[in-house]
Amino acid sequence: VKTLKTATLTTTTDNVGFYTITDLPTGIYHVQVDLNGYLYGLVSNIVMADGRTRLQDFSLAPARKLTATGLVKDQYGKALANVMVSNGKERTTTSVTGYYSLPIETGAGRLTAVKNGYYFNSPSYNSIASQQINFIALPTYIAFGYVKKGSMPIQGVAVKFNGLLNISAYTNKNGYYQITLPAGLWRIEATKMGARFSPASATLDLKKNSMLNFTGL
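What you see is a predicted model, and the numbers here were worked out from it, not measured in a lab. (Residues numbered from 1 in each chain as written. Predicted model: local features only at pLDDT ≥ 70, side-chain atom pairs only at ≥ 80, totals over all residues. Heavy atoms only, no water.)

Across a sheet, strands are paired by hydrogen bonds formed along the backbone, either parallel or antiparallel in direction. Spatial strand order, 7-6-10: three strands in an open sheet with antiparallel pairing. The sheet is open, and its two edges are formed by strand 7 (91-93) and strand 10 (112-114), each paired on a single side. Across the sheet, the mean angle separating the axes of adjacent strands is 25° when strand polarity is ignored. (Pairing = 2+ DSSP bridges. Helix = DSSP H or I, 4+ residues; strand = E, 2+ residues; numbered from the N terminus. Axes fitted to C-alpha atoms, helices over the stretch in contact; angles between N-to-C directions.)

Right under this line is the structure:
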């Protein structure tokens, strides 16, 4: 049993399913109950005031075992074999046709796919029946470069990449940065408090390992 919002506390039921949480500060709470193999229970906006006792029972429904199936392909529709697909507890790998089949439980969850050299979407689901969940993979490449003023490297510059993701790489003591990104169009800028750089921003269509340098002004 977890309480959320004004305070965050956790307790465990005893052998007859009874729980108690004492000394809660005055406030508004969500109370959530979790047990493996069951759908979680949630009651929201419980108002607790000083000296007040609240009885809140829960009845949990068993989580049904369902199946997620699907295909994993690259951006051109080519099937990808040997991709690891996971539900967080169990995992499987795709066949030569890119097909996978994996148990999931009733309710909300998320699947992940992993293979070196690729970036995958991470689809969520909220299911009461077995369903098909497909993945599209993008190849990944390295963006790298230096940030210097004259011959002097500038450490601690945030090189920001905005595109499919919003992510940053930071220069080291040699002014060097490196980051692995999915293929695609990226807008890039270098930032550091009190500093200006050229170019002020740049666009990179990442289709191979690519270098982009910045110069301090």
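Between serine 198 and the following residue, proline 199, the backbone shows a cis peptide bond with an omega angle of 0°. Of note, proline 199 is situated in the loop between strand 20 (197-198) and strand 21 (202-206). Even without being glycine, asparagine 82 reaches a positive phi, approximately 60°. Topologically, asparagine 82 is positioned in the loop between strand 5 (65-74) and strand 6 (84-86). Residue asparagine 82 is classed as exposed on the basis of its relative accessible area, which comes to 58%. (Buried < 20%, exposed > 50% of the residue type's maximum accessible area, 1.4 Å probe, protein only.)

Before going further, it helps to spend a moment on the nonpolar core. One finds Val159, Phe161, Ile188 and Phe214 to be the most contacted residues of the largest nonpolar core, which totals 19 residues. Put simply, the parts of the chain that give this core at least two residues each are strand 14 (135-149), strand 16 (158-162), strand 18 (176-182), strand 19 (184-191) and strand 21. Apart from residues lying up to four places away in sequence, phenylalanine 161 is in contact with Ala143, Asn166, Ile167, Tyr177, Ile179, Leu181, Trp186, Arg187 and Ile188. One finds Ala68, Ile104, Leu111 and Ala137 within the second-largest nonpolar core, a separate group that totals 16 residues. (Core = buried A, V, L, I, M, F, W, Y, C linked by side-chain atoms within 4.5 Å. Contact = heavy atoms within 4.5 Å.)

Okay, the pairing of strand 12 (residues 124-127) next. Burial along strand 12 is one-sided: Tyr125 and Ser127 are buried, and none of Ser124 and Asn126, which face the opposite way, are. Strand direction decides the pairing type here: strand 9 (residues 107-110) and strand 12, joined by four bridges, are antiparallel. Its bridge partner lying in strand 12, arginine 110 is registered against serine 124.

Moving on: the pattern of salt bridges. Taken as a whole, this structure holds four salt bridges when the rule is applied. The shortest N-O distance in the salt bridge between arginine 187 and glutamate 189 comes to 3.8 Å. Overall, the relative accessible area of 42% leaves arginine 187 in the partly exposed class. Within the structure, one salt-bridge network assembled from shared partners comprises Lys65, Glu90 and Glu105. (Salt bridge = Lys/Arg side-chain N within 4 Å of Asp/Glu carboxyl O.)

Model confidence for the chain is summarised by a mean pLDDT of 89, while 96% of its residues fall at 70 or above. The secondary structure element of the chain with the lowest average pLDDT is strand 1 (residues 2-5), at 49, and the one with the highest is strand 22 (residues 210-211), at 98. (pLDDT = per-residue confidence, 0-100.)

Taking strand neighbours across the sheet as the criterion, the four strands line up as 17-16-19-21 in an open arrangement whose pairing is antiparallel. If you trace the sheet from one side to the other, it starts and ends with strand 17 (166-170) and strand 21, each paired once. Averaged over all pairs of adjacent strands, the angle between strand axes in this sheet comes to 30°, irrespective of strand direction. Pairing analysis gives five bridges linking strand 19 to strand 21, with the strands arranged antiparallel. In the strand pairing of strand 21, arginine 187 is matched with threonine 203.

A one-sided burial pattern is seen for strand 5, the buried positions being Leu66, Ala68, Gly70, Val72 and Asp74 and the unburied ones Lys65, Thr67, Thr69, Leu71 and Lys73. In the sheet, strand 5 pairs with strand 13 (residues 131-132) via two bridges, with the strands oriented parallel. Within strand 13, the position partnered with alanine 68 by the bridge is glutamine 131. Direction of pairing for strand 5 relative to strand 14: parallel, over a ladder of three bridges. Counted as the bridge partner of valine 72 is phenylalanine 135 from strand 14.

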